[in-house]
Amino acid sequence: MALVAEPGQFARDLRNWRTRRRVSQLELAIRADTTQRHLSFLEQGRSRPGRAMVVRLAESLELPLRERNGLLLAAGYAPVYAESGLDAPELGPVREALDRILDGHMPYPAVVVRPYGELVAANPALGVLTEGAAPALLEPPVNVLRLALHPDGMARRVENLAEWGRHITGSLRDEARRVPDPALTEFVEELDGYLPPAESPGEHLGFAVPLRLRVPEGELRLITTLTSFATAVDVTLSELRLEAFLPADATTAALLRRRG
């Protein structure tokens, strides 16, 4: 279905995305199975792309599904990727699968989040991270990144806050460069404001920076893994992330097992 689009919007968006991705016209043309001449005409607004061409270009630029829909709209076409509510019947199997993963990760903390850290679900072990946090930070919708770095949240118990926190804000800053969003840029600035001055490089566990968290029983050392739905064709599903905390040493594993 064709829609009314602002003249020139697709050409501008395509040029901007290609520039952000640091891809030449020739390279993008090869990826999208077209010619550099045709791509040049599209970027100048001299040619109008077909719906299939817009999809190929978006895929070739590795745009997130939400941005692929945006490029289709800019070209005058309806979005092709659905955006279901988390409570939609079609996402029922996904919710069940995530619940099983969260339960199976016990006694270690695990959360499911939307973009920029909005909490969707968690297992009971999350309590080890939230204990002592200000009630306002635990009111829905909870943002786990703000909870982690806010001085009234986890931050007061994080031994290596300057180092660990900057890995969080650094990842968000990289995301803002890949998919510019004024709200994300503002959020990163907020989180940066919670961090103390940078310290000299600390102790790394291989290539990972562990979270060193004080608890009444001692200190936990945790590393994290991020999991996403790589083949998702639904915007909501494509944006979900499962973050699982794993013990970085035997002492942490034993402590969490006793708590669990």
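Heads up: the structure comes first, above all this text.
Thresholds, definitions, all that
- Residue numbers run consecutively from 1 along every chain, following the written order of its sequence.
- Restriction of local features to residues with pLDDT of at least 70 applies here, the model being predicted, together with a cutoff of 80 or more for giving and counting side-chain atom pairs; totals for whole chains, interfaces and linings are based on all residues.
- Side-chain descriptors were evaluated using all non-hydrogen atoms of the structure, hydrogens and water having been removed beforehand.
- Starting at the N terminus, helices and strands are each numbered in turn, a helix being any DSSP run of H or I of at least four residues and a strand any DSSP run of E of at least two.
- Only the protein chains shown count as cover for residues, and all accessible areas are computed by the Shrake-Rupley method using a 1.4 Å probe.
- When charges are tallied, Lys and Arg are placed among the positive residues and Asp and Glu among the negative ones, while His and the ends of the chain are skipped.
- Think of each charge as sitting on NZ of Lys, CZ of Arg, CG of Asp or CD of Glu.
- Axis geometry follows a simple rule: fit a line to the C-alpha atoms, using only the stretch in contact for helices, then measure angles between N-to-C directions, giving values from 0 to 180 degrees.
- Any angle from 65 to 115 degrees is called roughly perpendicular, while one under 35 is roughly parallel, one over 145 is roughly antiparallel, and all others are oblique.
- Whether two residues are in contact is decided by their heavy atoms, any of which lying within 4.5 Å being enough.
- Working definition: with a 1.4 Å probe on protein chains only, accessible area under 20% of the residue-type maximum means buried, over 50% means exposed, and in between means partly exposed.
- For this analysis, a polar contact is any N or O atom pair within 3.5 Å, provided that within protein one partner can donate a hydrogen and the other can accept it, and provided that sequence-adjacent residues contribute only side-chain to side-chain pairs.
- A pair is scored as a salt bridge if a Lys or Arg side-chain nitrogen falls within 4 Å of a carboxyl oxygen belonging to Asp or Glu.
- Pairing between strands is defined by DSSP: at least two bridges between them are needed.

S.K.: When you look at the overall build of the protein in this model, what are you seeing that I'm missing?
M.R.: Each helix and strand in the protein was counted, giving 12 helices and five strands. Projected onto the principal axes, the alpha-carbon positions of the protein cover approximately 65 × 45 × 35 Å. On the protein, roughly 13800 Å² of surface is accessible, and the fraction owed to carbon and sulfur atoms is 53%. A distance of 6 Å separates the average location of the 31 positive side-chain charges in the protein from that of its 35 negative side-chain charges.

S.K.: Explain the packing of helix α9 (residues 161-178) against helix α10 (residues 182-194) here, please?
M.R.: Packed helix pairs are specified by the crossing angle of their axes together with the interaxial distance, meaning the distance between the axes. It is at 10 Å that the axes of α9 and α10 come closest, and there the two elements cross at 170 degrees. As the angle between them shows, α9 and α10 are arranged roughly antiparallel. The segment α9 lies against α10, with L161, T169, L172, R173, E175 and A176 engaging L184, T185, F187, V188, L191, D192 and Y194.

S.K.: Even after reading the chapter, I still don't get the side chain of R18, so can you show me in this structure?
M.R.: Relative to the helices and strands, R18 resides in helix α1 (residues 9-20). Relative accessible area serves as the criterion here: at 15%, R18 is assigned to the buried category. Among the polar contacts listed, one links the side chain of R18 to the backbone oxygen of V23, at a separation of 3.0 Å. The residues touching R18, leaving out its near neighbours within four places in the chain, are V23, S24, Q25, L28, E43 and L61.

S.K.: Explain the pattern of salt bridges here, please?
M.R.: Close approach of charged atoms allows side chains with opposite charge to pair. Under the counting rule described, the total for this entry stands at 16 salt bridges. Linking E131 and R259 is a salt bridge whose minimum nitrogen-to-oxygen distance equals 3.3 Å. A residue pair is termed long-range when its members are at least 10 positions apart, and E131 in the loop between α7 (127-130) and α8 (144-149) and R259 in helix α12 (residues 250-259) qualify at 128 residues. Given a relative accessible area of 28%, E131 falls into the partly exposed group. Linking R173 and D192 is a salt bridge whose minimum nitrogen-to-oxygen distance equals 2.2 Å. Remark: D192 occurs in helix α10 and R173 occurs in helix α9; sequence separation between them is 19 residues. Residue classification places R173 among the partly exposed residues on the basis of a relative accessible area of 33%. D192 gets classed as partly exposed once you look at its relative accessible area, which sits at 27%. Counted as one network, the salt bridges with shared partners bring together E131, R157, E217 and R259.

S.K.: What is the right way to read the sheet that holds strand β1 (residues 110-113) from this model?
M.R.: Pairing between sheet strands relies on hydrogen bonds along the backbone, with the strands arranged either parallel or antiparallel. An order of β2-β1-β5-β4-β3 is seen for the five strands of this open sheet, with the pairing classed as antiparallel. Because the sheet does not close on itself, it has two edges, and the strands there are β2 (119-122) and β3 (211-215). The mean angle between the axes of side-by-side strands here comes to 30 degrees, regardless of whether they run parallel or antiparallel. Pairing between strand β4 (residues 218-228) and strand β5 (residues 241-247): seven bridges, direction antiparallel. Paired with L226 across the strands is E243, a residue of β5. The strands touched by helix α6 (residues 92-104) within the sheet are β1, β2 and β5, with β1 carrying the most contacts at an inclination of about 155 degrees. Contacts from α12 reach β3, β4 and β5, with the element oriented near 85 degrees to β4.

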